[in-house]
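What follows is each chain in one-letter form.
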Amino acid sequence: MLTSKSTPQSLKTILISAQGIHWSRQRILAVASQIIMLVIAFVLLTNIAITLGERRLQEEWATQRYSELQTVGTLIADKVAFQQFRTQMFAREEQLSDYLAKPSRKKKKKLKSNWDNLMKNIPELLGIALFDANGKYKTATNSNFGRQALPAEILADNRNMGGKEIFTSAISFSPIDGMLQPYIYQVAWLENPDQSIKGYLVTYNSIFKMLEAVRPAFANNKSPMLMLDTQGLLYAGARQSNPLPRIPETMGGSLKQSYPALWRKMAMNNFGQFHGDDATFVFLKIELTTQFETQREYFLVSYTRNQDIASKFNQWRNILVLLAFAITLLSTAAIVLTHLYRLEQRSRQKSIELANGLFTSDSGYVIVNVNGRIVTANDAAAKSLLLSREELTDRSLQRTLHQEDEQYQTMMQKLDKIGEWREDINLGSYSGGSLKLYIRRIPGTLNSQAYYLMSLVDVSDLSACQEQSELNYLLSDSSVAIALTDARGHLVRVNQSFDSLMQLDGNIDINISTLLENDIGSQWQRIKQHIAAQGLWQGQILCSPNDHPNQCMQATLKGQLDAEGELQFIVCTLEQAAPRIKPESVGDITPHRSAILVNLLDLNEYFQALNTTEREHASLLLIDISPEGMLSHMSDIGQLEIRQQEIETLMLKTLPDAYQISHWQLGKIIVILPGTDATHTHAFASQTLLSLNDNNIGEGVTMGIASYQQGQELEQFISNAEVALQRAKQIGNQSICQAFTRQT
C-alpha cells in the first residue's frame, strides 16, 4: 500500500520542471474572458434587480391603492343607497303630504323652510324640487335645480318603476357657485291610495361632496382619484395641483381620446392595473345603483407616479450597486484563485496515478476528494456504476450515486462527523443492480489533503431474492383465488386457486381487464382511478346464467403503494358472493304506491293539489343513485337505468301512502313527503339508505333534504334539495345532507 510518506510533496523530486506551475497565454486569456463575462453578467443582473424592485414596489402601491378604491367604491354605493332611502323619507314627510292634499301658500312656505333646513344639515344635498302628476314644475329650494323636465322613462305609462322605488339619474353637470360640479338626482313617486300618481319629488345630490366625504378612506388624502363614466368622460378629479400628462384637466374631458391605451385596458376589464410611461394606474368599475331602465356604472381611477416610486427605491438602488460591486470583486478573486489551485493540482497528478494502481482488484473501489469529485476508480467500480473509468473521472459523487440534495448533505455531514458511511442503493431504474456502499474518510498529512475511499459490493442477487420473498408474501397460499398484478393490470403472480378458477394452465401473460372482459373490461380505467383514490374496489363478477342467478364471485381489488405513494401492485381476490336479493324475486309484496310520476309537470300538479297544511310542512328528498364514474361511457347508461328501476321498485314497497316518488333526471329520484318535518325526513332517508345497502344496491347513493319555505315554487324547492345533495357529495364522509331547514 501507499504509505503516508508517499505524498505529493515527496514526489516533487521526480517531477520535471514542465510539470510545475506555469501561467500559459491560453490560461491568461481564459481568466480575462471569465472576468469580463462576470462583470457584464453582474451589470445586467443589477439592472434587472433594480427594475424588478421598482416594479414590485409599483405593484405593492397599486395593490394598496386598489384596496382603497374598493373601500371608496363601497362607501359611494352605500351613500347612494342611503340617499335613495332619504329621498323616500322626504316623500313620506307629513308636511309634503299635507301640502299635496290641500295646497296653500302658507303650507308651501313652511315646506320650503323645512327643505332649507335639510339642505343646511346635509352637505351633499344641493336641492329639492316638486313636480305635479304631469311632470310640470311646482316648487323647488333654489333656481339652480327644478326647472329641468323629468325624463320620459319616468313619465311613460309603460315604465317598470314606481311605488316605493327610487329612480337614480346618470351624473350630470351644473354650474354651482361659479364652478361646474357633477350631480345626480333621484325621483320618488308620490302616489294616491289607488296607486295613481299625484306628483314627483326630486332630490339633487353633489358627486363632488360625496367624494370629499369618502376621501378619508384613502391612506393619503392627497392621492389622486378620478371618476369617469363608461364612455371615458371625466366627472370628478380634474382639479389637480400637478396634473399628469394625457389625463383630462377639465370636467367632461374624454380619457378615451387623451389616453387610448389606458382606456382600452379599462374598457376590457372591470378592475385592474395599467403600467404607463409616467405612472401606474389602478381602476375599478363601480355600480351606483341597478334599476330596470338602466345601470349606473362608473370607473374610479387612481395612479402613482413612477418618479415617486423611483425616489422611494433610490436607497435600495445604491445598496444593490454597492453589493454587486463587492460580489464582482470577490468573484474575480475567486476566479484567479481557482485557476491557481488547478495549476497546483496538476503537480499532484503523479501521486494520483500511483494510487490508481493500488486497487486493481475484483472489488470496486473509488477515490473521492473532499469536494465530492471522483478522482479515479477501478474497473470493477466502473462496471458496477454503469460508467467507464474515463467518465467517472472528475465526476460528482452525488450525480454518480443519483442522490437528492438532502440525502447527499446528510451523507457528507456524517462522514465529517464520524468518518464513515454505509448505505444500500438500487440502480434498477438505470438498468443496474443493487450495491452496498462503504465510504470512509482517509485523513491527510501536513503536506497532503484528505480524501474518501469508497468500496462497492454487488448485492443484486440478494436484493432479487428479497423482492421475490416479498412478492410471495403478498401472494399467500390460500383456498381463496388470489392474483397479483402490476399497476397496469398485467398478472405478476397467481395462486393455484386463481389458476384453476380462471383456467390459466400456468399462462399469466395476460391483463386482468382482458381476462375479465365481460365483467370489468369496460370499467377498468374507472376501477384503477377508484383504487388509486380509495385503495380498494369491490364488486360482483362471473355471475352464472339465469338458471343459477345467485352464484356470483365477490371481487376485491386492493392497491399496494410504493415508497413515493404511487400505485405499484394490485392484489385481486375472488370469493363466493352472498346471494343478492333482486327486487323482482322478493315474494309477492305489493308496493304501497305503484304510481311513479314521470315528469315535473305531473309532480307539480300533485304538489299543488296538497292541502295548505301538508304543503307548508312538506319536505323534499332528492336521491342521486349514480356511483362516481358510472356514466364515464355511453354503454353504462343501460346499467344505470336498470339500477334506477331496482331502487325505485324497492322504495315503492316500503313507501308510506302519503309520500310520492317521481323521476327527475337519469340517475336522480325525487320523493315528496307531505306534512313531514326535517327530522322525520332524515330518519326516512337513513332507513331507505340502510335498506338499499342490505340489498347490495346502496353503493354511491347520496341524498339531499330540503324543507318547504312559505311561498316557494316547486322548482325552487328542488333547487334547495340539489344544494344539499351537492354538499353531501363534496363532504364525502356522509351520504345525507340537509339545507334550507325550516326554522322552528
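Residues numbered from 1 in each chain as written. Predicted model: local features only at pLDDT ≥ 70, side-chain atom pairs only at ≥ 80, totals over all residues. Heavy atoms only, no water.

J.: For the overall build of the protein chain, give the residues involved together with the corresponding values.
T.: A tally of regular secondary structure across the protein chain gives 24 helices and 26 strands. For the protein chain, the residues scored as buried account for 42% of the 744 residues in total. Roughly 41,700 Å² of accessible area belongs to the protein chain as shown, and the carbon and sulfur atoms make up 51% of that amount. (Helix = DSSP H or I, 4+ residues; strand = E, 2+ residues; numbered from the N terminus. Buried < 20%, exposed > 50% of the residue type's maximum accessible area, 1.4 Å probe, protein only. Areas by Shrake-Rupley, 256 points an atom, 1.4 Å probe, with all protein chains shown as cover.)

J.: Can you explain the side chain of Thr676? Please cite residues and give values.
T.: Looking at where Thr676 falls in the secondary structure, it is placed in the loop between strand S24 (668-673) and helix H23 (678-694). A residue is classified by how much of its surface remains accessible, and Thr676, at 7% relative accessible area, is buried. Polar contacts involving the side chain of Thr676 include one to the side chain of Tyr659, which spans 3.4 Å. Not counting residues within four places of it along the chain, the set of residues in contact with Thr676 comprises His617, Ala618, Ser619, Tyr659 and Thr681. (Polar contact = N/O pair within 3.5 Å; in protein donor to acceptor, adjacent residues only side chain to side chain. Contact = heavy atoms within 4.5 Å.)

J.: Account for the sheet that holds strand S12 (residues 364-369), naming residues and giving values.
T.: Ordered by their spatial adjacency, five strands build an open sheet running S13-S12-S16-S15-S14, and the pairing between neighbours is antiparallel. On the outer flanks of this sheet lie strand S13 (374-377) and strand S14 (420-426), each paired with one strand and no other. Each neighbouring strand pair of the sheet contributes to a mean axis angle of 20°, computed without reference to strand direction. Pairing of S14 with strand S15 (residues 434-442) involves seven bridges; the strand directions are antiparallel. Within S15, the residue paired with Asp424 across the bridge is Lys436. Of the strands in this sheet, S14, S15 and strand S16 (451-458) are in contact with helix H14 (residues 405-418), which crosses S14 at around 150°. (Pairing = 2+ DSSP bridges. Axes fitted to C-alpha atoms, helices over the stretch in contact; angles between N-to-C directions.)

J.: Would you mind going over the packing of helix H1 (residues 25-91) against helix H5 (residues 207-214) in detail, with residue names and values included?
T.: One way to put it is that H1 packs onto H5 with a least axis distance of 10 Å and a crossing angle of 130°. Compared by their axis directions, H1 and H5 come out oblique. When the axes of H1 and H5 are compared, the crossing they make is right-handed. Seen from H1, the contacting residues are Val72, Leu75, Ile76, Lys79, Val80 and Gln83; seen from H5, they are Met210, Leu211, Ala213 and Val214. (Parallel < 35°, antiparallel > 145°, perpendicular 65-115°, else oblique. Left-handed = near helix turned anticlockwise from the far one by under 90°.)

J.: Please provide a residue-by-residue account of a nonpolar patch on the surface, values included.
T.: Taken together, the side chains of Ile36, Met37, Ile40, Leu44, Leu45, Ile48 and Leu52 make up a nonpolar region of the molecular surface, amounting to roughly 720 Å² of accessible area. Its location among the elements puts Ile40 in helix H1. (Patch = residues over 30% accessible without salt bridge, like charges linked within 9 Å, V, L, I, M, F, W, Y side chains within 5 Å. Salt bridge = Lys/Arg side-chain N within 4 Å of Asp/Glu carboxyl O.)

J.: Describe in detail the pattern of salt bridges, supporting the description with residues and values.
T.: One pass over the structure, following the stated rule, counts 13 salt bridges. One salt bridge connects Glu68 with Arg65, and the closest N-O pair in it is separated by 3.3 Å. On the criterion of helical spacing, the pair formed by Glu68 and Arg65 is a turn pair, its members being three residues apart in helix H1. Across the pair, exposure class does not vary: Glu68 and Arg65 are buried alike. A salt bridge links Glu722 to Lys668; the shortest N-O distance between them is 3.3 Å. One end of the pair, Glu722, is in helix H24 (residues 714-731); the other, Lys668, is in strand S24, with 54 residues separating them in the sequence. In the salt-bridge network here, residues are joined through shared partners; they are Lys79, Arg86 and Glu124.

J.: Got a sec to walk through the packing of helix H2 (residues 94-101) against helix H3 (residues 105-121)? Specific residues and values, please.
T.: Two quantities define a packed helix pair, namely the angle between the helix axes and the distance between the axes. Axis separation between H2 and H3 bottoms out at 10 Å; the angle between their running directions is 155°. The angle between the axes of H2 and H3 places the two elements in the roughly antiparallel class. In this structure, H2 crosses over H3, and the sense of that crossing is left-handed. Residue-level inspection shows Gln95, Leu96, Asp98 and Tyr99 of H2 in contact with H3, the latter providing Lys107, Lys108, Lys110, Leu111, Asn114 and Trp115. Looking at side-chain class alone, the contact of H2 with H3 contains four nonpolar, two polar and four charged residues. (Nonpolar A, V, L, I, M, F, W, Y, C, P; charged D, E, K, R; others polar.)

J.: Give me the lowdown on the confidence of the model for the protein chain, citing residues and values where you can.
T.: In the predicted model, the protein chain carries a mean pLDDT of 80, and the fraction of residues at 70 or more is 84%. Counted against residues more than four places away or in other chains, residues 1-19, with its pLDDT under 50, gives 17 contacts. Between residues 631-635, whose pLDDT stays under 50, and residues either more than four places distant or in other chains, the model counts four contacts. (pLDDT = per-residue confidence, 0-100.)

J.: How would you sum up the pairing of strand S20 (residues 553-561)? Please name residues and give values.
T.: In this structure, strand S19 (residues 536-541) lies alongside S20, joined through six bridges in antiparallel fashion. Considered in S20, the bridge of Trp537 is made with Leu557. Judged from the nine bridges that link them, S20 and strand S21 (residues 567-576) form a sheet pairing that is antiparallel. In the strand pairing of S21, Gln560 is matched with Phe569. In this structure, the hairpin formed by S20 and S21 is closed by a connection of five residues, where Gly565 is found at a positive phi of approximately 85°.

J.: Explain unusual backbone geometry to me, using residue names and the numbers behind them.
T.: At Arg246, a residue that is not glycine, the phi angle is positive and equals roughly 70°. With respect to the secondary-structure elements, Arg246 resides in the loop between strand S8 (234-236) and helix H6 (255-258). Not every positive phi belongs to a glycine, and Asp394 is a case in point at roughly 65°. Secondary-structure assignment places Asp394 in the loop between helix H12 (389-392) and helix H13 (397-401).

J.: Describe in detail the environment of Gly489, supporting the description with residues and values.
T.: Looking at the secondary structure, you find Gly489 in the loop between strand S17 (481-486) and strand S18 (491-494). Residue classification places Gly489 among the buried residues on the basis of a relative accessible area of 0%. Each C-alpha atom of the pair Gly489 and Lys528 lies 8.8 Å from the other, and the pair is 39 residues apart in sequence. Contacts of Gly489, omitting those with residues within four sequence positions, involve Ile510, Asn511, Ile512 and Trp524.

J.: Describe the sheet that holds S8, naming the residues involved and giving the relevant values.
T.: Across the sheet, which stays open at both edges, the five strands sit in the order S8-S7-S11-S10-S9 with antiparallel pairing between neighbours. The open sheet terminates on both sides in strands that have one partner only, identified here as S8 and strand S9 (271-275). The average undirected angle you get between the axes of adjacent strands in this sheet is 30°. Inspection of the sheet shows strand S10 (residues 279-290) paired to strand S11 (residues 295-305) by 11 bridges, in the antiparallel sense. Of the residues in S11, the one forming a bridge with Phe283 is Val301. Contacts between helix H7 (residues 260-268) and the sheet are confined to strand S7 (226-229), S9, S10 and S11, with S9 contributing the most and set at about 155° to the helix.

J.: How would you explain the packing of aromatic side chains if you had to name every residue and give the values?
T.: Per the stated rule, a full pass over the model turns up 18 aromatic pairs. Consider the rings of Phe607 and Tyr708, whose centres lie 5.6 Å apart with planes at 65°: the pair is edge-to-face. With Phe607 in helix H20 (residues 600-609) and Tyr708 in the loop between strand S25 (702-707) and H24, this residue pair connects regions lying 101 residues apart in the sequence. Overall, the relative accessible area of 0% leaves Phe607 in the buried class. With 5.3 Å between their ring centres and 80° between their planes, Tyr659 and Phe684 make a pair best called edge-to-face. Taken together, the positions of Tyr659 in the loop between helix H22 (636-654) and strand S23 (660-665) and Phe684 in helix H23 put the pair 25 residues apart, joining distant regions of the chain. We note Arg246 situated over the ring of Tyr259; from NZ or CZ to the ring centre the distance is 4.1 Å. (Phe/Tyr/Trp six-rings, centres within 6.5 Å; stacked < 30°, edge-to-face > 60°. Lys NZ or Arg CZ within 6 Å of the ring centre and 35° of its normal.)

J.: Go over H20, please, and point to the residues and values.
T.: Listed in full, the buried residues belonging to H20 are Leu603, Tyr606 and Phe607. Each buried residue of H20 sits inside an arc of 100° when the element is viewed along its axis, so together they form one side. Turned more than 90 degrees away from the buried face of H20, the exposed residues are Leu601 and Ala609. (Arc of directions from axis to C-beta.)

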